[in-house]
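Analysis of the macromolecular model
Given next are the chains, with one letter for each unit.
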Number of protein chains: 2
Amino acid sequence: MKQILFMLAIMCAMAMNAQQDFFAPPANSPVIGKDGSVTFKVKAPGADTVRLIIDTRLDTLMQRQGDGTWQLRLRDLEPDLYMYHYIIDGMKVLDNENAHVLRDVKNVMNTFVLDPNGDCPMAVHDVPHGDVQAVWYDSPNLGAKRRMMIYLPPGYEQSHQRYPVFYLLHGSGGDETVWLEQGRAAQVLDNLIASGAATPMIVVMPNGNVDEKAAPGMGPEGNVQPTFAHKNWMDGTFEQSFNDIMTWVDNNYRTRANKRYRAIAGLSMGGYHSLYISANQPDDFAYVGLFSAAINRMDQGKSTIYNDLEAKLVTQFKQRPKLYWIGIGKDDFLYKDNVKFRELLDKNRLRYTYHESTAGHEWANWRDYLVIFTQSLFK
Amino acid sequence: MKQILFMLAIMCAMAMNAQQDFFAPPANSPVIGKDGSVTFKVKAPGADTVRLIIDTRLDTLMQRQGDGTWQLRLRDLEPDLYMYHYIIDGMKVLDNENAHVLRDVKNVMNTFVLDPNGDCPMAVHDVPHGDVQAVWYDSPNLGAKRRMMIYLPPGYEQSHQRYPVFYLLHGSGGDETVWLEQGRAAQVLDNLIASGAATPMIVVMPNGNVDEKAAPGMGPEGNVQPTFAHKNWMDGTFEQSFNDIMTWVDNNYRTRANKRYRAIAGLSMGGYHSLYISANQPDDFAYVGLFSAAINRMDQGKSTIYNDLEAKLVTQFKQRPKLYWIGIGKDDFLYKDNVKFRELLDKNRLRYTYHESTAGHEWANWRDYLVIFTQSLFK
């Protein structure tokens with residue numbers, strides 16, 4: 001509140017005195033140098049220890065300075081989106097000099113984009129931007145209107161063209177917003193389309209938790225918190241209702257409504273969804289992407305969706321998908337499941353593209369996979 | 001990171017053991033009782049003092065409990081959106097049990113909606129929801145593509161109707177997102193339309209800071225921080241370019257493109273913008289709303305937009321606007337300016353509706369004004 005009152009006081013002073021000096025823009029935090037270095041600085045004169053946590057990438061002690069601040073400069077970070085917070089004497093504290101925050105499931109962190117050369121696909125560049133829509137589609141199978149996010153490529157509104165559609169699914173703990181937030185899907189698509197690396201396409205980001213109508217806070221469920229705890233989790237319900245989404249999208253947008261111009265991909269649980277939706281609907285998707293897919297996570301007996309996978313895959317691949325793409329990090333806890341799945345494909349001589357990255361089950365990988373996968377679509 | 005690893009461990013354990021117990025939903029924070037009480041609880045066993053700050057409404061010490069937590073229960077809070085944070089031994093700390101956050105300019109806070117009776121217009125209810133779009137419009141006058149937010153009433157996509165348009169402007173320090181975030185504009189419109197209290201309408205929320213193309217972080221300016229410090233601040237540039245917005249909206253949506261079906265309102269700086277845009281374009285708006293308007297904040301000589309206000313108002317009112325609405329709180333630092341402005345209107349016998357509320361320059365008032373004003377539009 002003090003900050004608010006202070007700023008109001010400044011506003012009044014400014015308006016009355018017209019002293020433009022008050023209007024110096026705020027410092028950015030962290031400070032990103034022209035050399036691509038990133039300097040973190042936090043004021044905590046009475047603290048014993050201050051740690052900096054950068055998402056899944058770093059957890060390190062900071063250095064106390066003479067002026068009561070704690071600092072750390074990092075070099076050689078890859079261009080990407082980063083999420084971070086501090087631990088001051090054991091207590092999680094955000095960077096008050098950085099108003100940009102994102103949440104990972106329930107964990108709120110500060111965020112910044114590192115783009116030292118102006119070519120990071122996750123950064124906003126001065127290129128044509130697609131529109132992003134939050135819409136409520138009708139799902140007769142789930143008996144609800146449900147929220148999903150739609151990316152329309154630049155020029156969609158002005159053109160009379162029809163566009164291919166890419167269904168992009170989130171993981172457990174996520175919702176319809178997460179590919180836009182942590183995933184930077186709109187920025188990635190804007191940049192890849194602008195450079196000609198990707199074909200203009202519609203991207204559809206539904207909510208894969210069938211027990212919620214919308215992301216926590218956006219639905220009629222009230223002040224619920226984000227969670228991994230969802231009913232009907234990976235039991236076939238989402239897969240069985242997926243046609244509701246496709247029907248609604250084809251009815252409400254100028255889509256090229258056939259297999260050749262339809263892709264589906266997802267991360268973790270969304271990879272699992274993508275696998276089974278595409279295997280059960282072999283006539284619907286020419287492009288399939290499994291990003292760190294949670295293959296074989298659940299009992300296979302619960303739903304017919306999960307039965308006879310091998311036979312379904314053989315049928316699916318007989319029709320030669322244009323691309324069946326599998327990406328995973330070496331340290332992912334799902335790595336072995338993905339090895340087994342590839343062995344199943346190999347045994348049946350089903351051809352896929354495999355991308356193995358470093359690191360594990362994390363957004364840095366999933367953003368990369370999105371950049372790679374998207375460039376192969378609809379060509 | 002520990003939380004993430006912990007949840008991943010849980011996921012693995014769950015998947016392997018199928019022990020649904022792990023999947024208990026998380027506790028909500030703060031805890032809202034059936035009696036409408038709100039209990040805040042924060043763990044800080046080593047702290048000397050813990051303060052709870054609720055936006056502009058409360059700043060109070062919390063009580064230490066035997067178990068090392070600090071608690072406070074509040075009763076008789078009005079149904080509304082609330083923003084809060086803690087100050088633990090002088091350090092700002094967010095509520096780690098609440099993943100919902102909003103920022104007020106640069107100040108990030110936790111948030112919750114208090115809706116004990118299920119009738120708070122700021123809460124999400126199980127009613128038809130309008131779509132919300134982030135679009136990039138062309139502004140020839142500003143030489144840029146700029147981002148703005150559009151609310152489309154439920155049924156817009158399926159109908160062939162044309163709709164009235166409400167232009168809703170933010171204050172200094174705000175941007176195109178703030179009426180949707182702190183202002184709860186989509187929820188307010190959904191609820192008022194569902195109950196029949198408001199006419200279905202399109203709501204257009206542009207960015208009134210002419211030196212930025214989009215909200216901080218969403219534009220090509222990179223990792224910039226939200227600020228009051230904008231170039232060409234209240235110098236007439238935004239008002240002079242406003243036709244670009246109206247033209248784009250009328251070209252891209254099914255609008256009823258005439259004065260009878262057009263409204264403009266804004267808070268603080270946005271009220272100032274609404275005052276001068278409507279006074280300079282007397283043929284364009286039948287409904288004008290000034291919410292805690294920053295009347296006479298700046299030198300009047302800078303732009304022809306600000307010249308001859310009295311004569312312009314007389315011309316504007318000759319054409320009998322359907323509603324000229326002024327709302328302000330008794331404690332607002334702009335109260336006296338609004339008194340003077342009403343005296344100017346009174347002197348010229350220009351008829352307006354005046355709503356005086358308690359409290360000051362704050363979102364609780366602006367959300368209320370939105371609820372009141374919107375119900376009078378296009379009837």
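Residues numbered from 1 in each chain as written. Chains lettered and ligands numbered in written order. Predicted model: local features only at pLDDT ≥ 70, side-chain atom pairs only at ≥ 80, totals over all residues. Heavy atoms only, no water.

Observations regarding the overall build of chain A
- Along the backbone of chain A there are nine helices and 18 strands.
- Its C-alpha atoms give chain A a radius of gyration of 23 Å, within 12% of the compact-globule value 21 Å for 379 residues.
- The C-alpha extent of chain A, read off along each of the three principal axes, is 70 × 45 × 40 Å.
- In chain A, buried positions account for 61% of the 379 residues.
- Restricting the contact set of chain A to residue pairs at least 6 apart, pairs at least 24 apart contribute 71%.
- By element, 49% of the accessible surface of chain A is carried by carbon and sulfur atoms, the whole surface being about 14900 Å².
- Seen as two clouds, the 39 positive and the 43 negative side-chain charges of chain A have centres 4 Å apart. (Helix = DSSP H or I, 4+ residues; strand = E, 2+ residues; numbered from the N terminus. Rg over C-alpha atoms; globule rule 2.2 N^0.38 Å. Buried < 20%, exposed > 50% of the residue type's maximum accessible area, 1.4 Å probe, protein only. Contact = heavy atoms within 4.5 Å. Areas by Shrake-Rupley, 256 points an atom, 1.4 Å probe, with all protein chains shown as cover. Lys, Arg positive; Asp, Glu negative; His and termini not counted. Charge placed at Lys NZ, Arg CZ, Asp CG, Glu CD.)

Topic: the side chain of Lys92 of chain A
- Relative to the helices and strands, Lys92 of chain A is located in strand β8 (residues 91-93).
- Side-chain polar atoms of Lys92 of chain A contact the side chain of Asn107 of chain A, separated by 2.6 Å.
- Engagement of the side chain of Lys92 of chain A in a polar contact is seen with the backbone oxygen of Val108 of chain A, the distance being 2.6 Å.
- Those residues in contact with Lys92 of chain A that sit more than four places away from it in its chain are His85, Tyr86, Ile87, Asn107 and Val108 of chain A together with Val93 and Asn96 of chain B. (Polar contact = N/O pair within 3.5 Å; in protein donor to acceptor, adjacent residues only side chain to side chain.)

Here's the deal with the pairing of strand β16 (residues 287-291) of chain B
Residues and elements named next belong to chain B.
- A large share of β16 lies buried, amounting to five of its five residues.
- Side chains of β16 alternate between two faces, with Tyr287, Gly289 and Phe291 and Val288 and Leu290 buried alike.
- The pairing of strand β15 (residues 262-267) with β16 spans five bridges and is parallel. Within the sheet, the bridge partner assigned to Ala265 lies in β16 and is Gly289.
- Handedness of the β-α-β unit built from β15, helix α6 (residues 269-280) and β16 comes out right-handed.
- Examined bridge by bridge, β16 and strand β17 (residues 323-329) share five bridges and lie parallel to one another. (Pairing = 2+ DSSP bridges. Right-handed = clockwise from strand over helix to strand, strands pointing away.)

What about the interface of chain B and chain A?
- Of the residues lining the interface, 82 residues belong to chain B; the matching set on chain A comes to 80 residues.
- There are four salt bridges connecting chain B and chain A.
- Here Glu97 of chain B and Lys106 of chain A are joined by a salt bridge, their closest N and O atoms 3.3 Å apart.
- Our enumeration of links across chain B and chain A arrives at 20 residue pairs in polar contact (both at pLDDT 80 or more).
- Breaking the side of chain B that touches chain A down by element, the ones donating at least two residues are α1 (2-17), β7 (80-88), β8 (91-93), β9 (101-104), β10 (107-114) and β11 (131-139) of chain B.
- Tallying contributions element by element places α1 of chain B first for the side of chain B that touches chain A, with eight residues.
- The residue makeup of the side of chain B that touches chain A, split by class, is 41 nonpolar, 26 polar and 15 charged. (Salt bridge = Lys/Arg side-chain N within 4 Å of Asp/Glu carboxyl O. Nonpolar A, V, L, I, M, F, W, Y, C, P; charged D, E, K, R; others polar.)

Focus on the sheet that holds strand β6 (residues 69-74) of chain B
- The strand order across the open sheet formed by four strands is β1-β2-β6-β5 (chain B), and the pairing between neighbours is antiparallel. This sheet does not close on itself; its edge strands, each paired only once, are β1 (31-32) and β5 (63-64) of chain B.

Comments concerning the layout of surface pockets
- Its boundaries defined by the atoms lining it, the second largest pocket holds a volume of some 460 Å³.
- If you trace the second largest pocket, you find 19 residues lining it, with Tyr156, Glu157 and Arg254 of chain A together with Glu157 and Asn252 of chain B closest to the centre.
- In terms of residue count, the dominant contributor to the lining of the second largest pocket is helix α5 (residues 242-252) of chain B (three residues).
- By residue class, the composition of the lining of the second largest pocket is seven nonpolar, seven polar and five charged. (1 Å grid on protein atoms, 1.4 Å probe; cavity = no way out; pocket = protein on both sides within 12 Å on 5 of 7 lines; lining within 4 Å. Points joined across faces, edges and corners; volume = space filled by probe spheres on them.)

Examining the relation of the copies chain B and chain A
- For the match of chain B to chain A, the screw axis carries a shift of 0.0 Å, the RMSD comes to 0.0 Å, and the turn is 180 degrees. Such a combination of rotation and displacement between the chain copies is what one expects of a two-fold axis. The position closest to the rotation axis in chain B is occupied by the C-alpha of Gln133 of chain B, lying 2.1 Å away.
- The overlap is high: 98% of the interface residues of chain B also sit at the interface in chain A, so the same surface is used on both sides. (Least-squares fit on C-alpha atoms with pLDDT ≥ 70 in both.)

Points about the nonpolar core
- Counting residues in each nonpolar core, the largest one holds 90 residues, and the members touching the most others are Phe166 and Trp179 of chain A together with Phe166, Trp179 and Phe291 of chain B.
- Of all hydrophobic cores here, the second largest spans 49 residues; its members include Trp248, Val249, Tyr276 and Leu313 of chain B. (Core = buried A, V, L, I, M, F, W, Y, C linked by side-chain atoms within 4.5 Å.)

Focus: the packing of aromatic side chains
- Tallied over the entire structure, the rule returns 52 aromatic pairs over all chains.
- For the pair Trp179 of chain B and Phe291 of chain B, a centre-to-centre distance of 6.1 Å together with 75 degrees between the ring planes defines the contact as edge-to-face. Highlighted residues: Trp179 of chain B in helix α2 (residues 178-181) and Phe291 of chain B in strand β16, separated in sequence by 112 residues. Across the pair, exposure class does not vary: Trp179 of chain B and Phe291 of chain B are buried alike.
- Classification of Phe291 of chain B as buried rests on a relative accessible area of 0%.
- Taken together, the ring pairs in this structure connect Phe166, Trp179, Phe291, Trp325, Trp363, Trp366, Tyr369 and Phe373 of chain A into an aromatic cluster.
- The ring of Tyr261 of chain B carries Arg256 of chain B above its face, with NZ or CZ at 3.8 Å from the centroid. (Phe/Tyr/Trp six-rings, centres within 6.5 Å; stacked < 30°, edge-to-face > 60°. Lys NZ or Arg CZ within 6 Å of the ring centre and 35° of its normal.)

Remarks on the packing of helix α3 (residues 185-194) of chain A against helix α9 (residues 363-374) of chain A
Residue and element names in this part refer to chain A.
- The interhelical angle for the contact between α3 and α9, taken along N-to-C directions, is 35 degrees, at an axis separation of 11 Å. Crossing of α3 against α9: the hand is right-handed. Contacts between α3 and α9 involve Ala185, Val188, Leu189 and Leu192 on the former and, on the latter, Leu370, Val371 and Thr374.
- For the contact of α3 with α9, the residue count by class is six nonpolar, one polar and no charged. (Axes fitted to C-alpha atoms, helices over the stretch in contact; angles between N-to-C directions. Left-handed = near helix turned anticlockwise from the far one by under 90°.)

Examining helix α9 (residues 363-374) of chain B
All names here are of chain B.
- Between its terminal C-alpha atoms α9 stretches 16 Å, which fits the 16 Å expected from twelve residues at 1.5 Å a residue.
- Within α9, ten of the twelve residues are buried, which leaves it mostly tucked inside the rest of the structure.
- Those residues of α9 that sit buried are Trp363, Ala364, Asn365, Trp366, Arg367, Tyr369, Leu370, Val371, Phe373 and Thr374. (Expected span 1.5 Å × (residues − 1).)

Quick word on the confidence of the model for chain A
Residue and element names in this part refer to chain A.
- Per-residue pLDDT for chain A averages 92, and the proportion of residues at 70 or more is 92%.
- Counting contacts from residues 1-22, a segment whose pLDDT is below 50, to residues more than four positions away or on other chains yields 31 contacts.
- The ipTM for the predicted assembly is 0.92, set against a pTM of 0.93. (pLDDT = per-residue confidence, 0-100.)

A short note on the sheet that holds strand β6 (residues 69-74) of chain A
Residue and element names in this part refer to chain A.
- The strand order across the open sheet formed by four strands is β1-β2-β6-β5, and the pairing between neighbours is antiparallel. The two strands at the open ends of the sheet, each matched to only one other strand, are β1 (31-32) and β5 (63-64).
- In the sheet, strand β2 (residues 38-43) pairs with β6 via six bridges, with the strands oriented antiparallel. What sits directly across from Thr39, in β6, is Arg73.

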